[in-house]
Amino acid sequence: MYLLQGIDIQCPYCGEAVEIVVDASIRRQQYIEDCPVCCRPITLDASVDAAHNIELRAAREDDC
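What you see is a predicted model; the values in this text were computed from it and never measured.

Considering the nonpolar core
Step number 1: In this structure, Ile7, Ile9, Cys11, Tyr13, Val18, Ile20, Val22, Cys35, Ile42, Leu44, Ala46 and Leu56 together form the largest nonpolar core, which totals twelve residues.
Step number 2: Elements with a contribution of two residues or more to this core: β1 (4-10), β2 (17-23) and β4 (41-48).
Step number 3: Leaving out residues up to four positions away in the same chain, Ile7 has contacts with Val18, Glu19, Ile20, Val22, Ile54 and Leu56.

Shown next as C-alpha cells:
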C-alpha cells in the first residue's frame, strides 16, 4: 500500500479532470491546490480511514 495516492477529481471551475495526490498517512487534511488547467484555487478536503481509503471533496474557494 502506497501512502501517496493519486485521485482523479473534476475541477469545480473549468470541469476538467485532474489528478490530486493525497498523503494517506494524514487522517484529515484541508488545503488549496491550483487547477493545472485553469489555474484557479481548488479547496480540497481529504479524510482517510484506518484502511487508508480516501474520501476527497473538491470545492471552489468561494464556496467554502
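Section: the sheet that holds β4
Step number 1: As summarised here, the arrangement of the three strands in space is β3-β4-β5, forming an open sheet in which the pairing is antiparallel. Since the sheet does not close on itself, it has two edges, and those belong to β3 (28-34) and β5 (54-60), each with one partner. Sheet twist, expressed as the average angle between the axes of neighbouring strands with direction ignored, equals 20 degrees.
Step number 2: Pairing between β4 and β5: seven bridges, direction antiparallel. Counterpart to Leu44 in the pairing with β5 is Ala58.

Reading the values: rules and limits
Residues numbered from 1 in each chain as written. Predicted model: local features only at pLDDT ≥ 70, side-chain atom pairs only at ≥ 80, totals over all residues. Heavy atoms only, no water. Core = buried A, V, L, I, M, F, W, Y, C linked by side-chain atoms within 4.5 Å. Buried < 20%, exposed > 50% of the residue type's maximum accessible area, 1.4 Å probe, protein only. Helix = DSSP H or I, 4+ residues; strand = E, 2+ residues; numbered from the N terminus. Contact = heavy atoms within 4.5 Å. Pairing = 2+ DSSP bridges. Axes fitted to C-alpha atoms, helices over the stretch in contact; angles between N-to-C directions.

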